[in-house]
Amino acid sequence: MEININGQQHNINIDGKTPLLWAIREILGLTGTKFACGIAACGACTVHINGNAVRSCSFPVEAAKGQEITTIEALSRDRSHPLQQAWINVQVPQCGYCQSGMLMTAAALIKKIPQPNDQQINEAMTNICRCGSYHRVRIAIKKATRQAV
């Protein structure tokens, strides 16, 4: 099966019903996308499919065929993306496990809504952070949108 991840075509040998997460992590070695709950509840596995935030732990590889998939590795290679800079500046992460999923969800949000308000951020950011960094996530998203303008 051929899939497009981070702008590159990959021919992988995998059962089409396998979650996309396992193709990304185990076959392609892109380990920035995390496994946590396995039921699409927490968001640690969030990637973009055609620009939309999707939880890859429950998204079958066969459904990814012909789609444009973006992982955290392609957000920016040098941490120069405004969200990554804001995350660092605001010191959002504590343990950091959920952060790649948080960043990917936030990136999809600001692509659709360049200047989201608190309500829009709260509605979009349904990822679970066990450390409770939600307040800093909101601050960082707003800071990033000011930088990007």
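Scroll up for the structure.
Since this is a predicted model, take the numbers as computed values, not measurements. (Residues numbered from 1 in each chain as written. Predicted model: local features only at pLDDT ≥ 70, side-chain atom pairs only at ≥ 80, totals over all residues. Heavy atoms only, no water.)

Undergrad: Run through the environment of Arg25, naming residues and quoting values.
TA: Structurally, Arg25 is set in helix α1 (residues 20–27). Every residue in contact with Arg25, bar those within four places of it in the chain, is listed here: Leu30, Thr31, Thr33, Lys34 and Phe35. Among the polar contacts listed, one links the side chain of Arg25 to the backbone oxygen of Thr33, at a separation of 2.8 Å. (Helix = DSSP H or I, 4+ residues; strand = E, 2+ residues; numbered from the N terminus. Contact = heavy atoms within 4.5 Å. Polar contact = N/O pair within 3.5 Å; in protein donor to acceptor, adjacent residues only side chain to side chain.)

Undergrad: So, the sheet that holds strand β2 (residues 8–11): which residues are in play, and what are the values?
TA: If you walk across this open sheet you meet the five strands as β2-β1-β5-β3-β4, and the pairing is mixed. Since the sheet does not close on itself, it has two edges, and those belong to β2 and β4 (52–55), each with one partner. With strand direction ignored, the average angle separating the axes of adjacent strands in the sheet is 40°. Strand direction decides the pairing type here: strand β3 (residues 46–49) and strand β5 (residues 68–70), joined by two bridges, are antiparallel. Its bridge partner lying in β5, Ile49 is registered against Ile69. The strands touched by α1 within the sheet are β1 (2–5), β3 and β5, with β3 carrying the most contacts at an inclination of about 105°. Each of β3, β4 and β5 is contacted by helix α4 (residues 99–112), which is oriented at about 35° to β3, the strand it contacts most. (Pairing = 2+ DSSP bridges. Axes fitted to C-alpha atoms, helices over the stretch in contact; angles between N-to-C directions.)

Undergrad: Describe helix α3 (residues 82–90), listing the residues and the values that go with them.
TA: Looking only at α3, the buried set comprises Leu83, Gln84, Ala86, Trp87 and Val90. Viewed along the axis of α3, the buried residues span an arc of 165°, placing them on a single side of the element. Looking one or two residues beyond α3, the residue adopting positive phi is Gln91, at roughly 60°. (Buried < 20%, exposed > 50% of the residue type's maximum accessible area, 1.4 Å probe, protein only. Arc of directions from axis to C-beta.)

Undergrad: So, the packing of α3 against α4: which residues are in play, and what are the values?
TA: Put simply, α3 and α4 touch, their axes get as near as 10 Å, and they point 130° apart. Relative to α4, α3 is oriented oblique. In the packing of α3 onto α4, the handedness of the crossing is right-handed. Note on element contacts: α4 touches α3 through Gln99, Met102, Leu103, Ala106, Ala107 and Ile110, opposite Leu83, Gln84 and Trp87. Tallied by class, residues from the contact of α3 with α4 come to seven nonpolar, two polar and no charged. (Parallel < 35°, antiparallel > 145°, perpendicular 65-115°, else oblique. Left-handed = near helix turned anticlockwise from the far one by under 90°. Nonpolar A, V, L, I, M, F, W, Y, C, P; charged D, E, K, R; others polar.)

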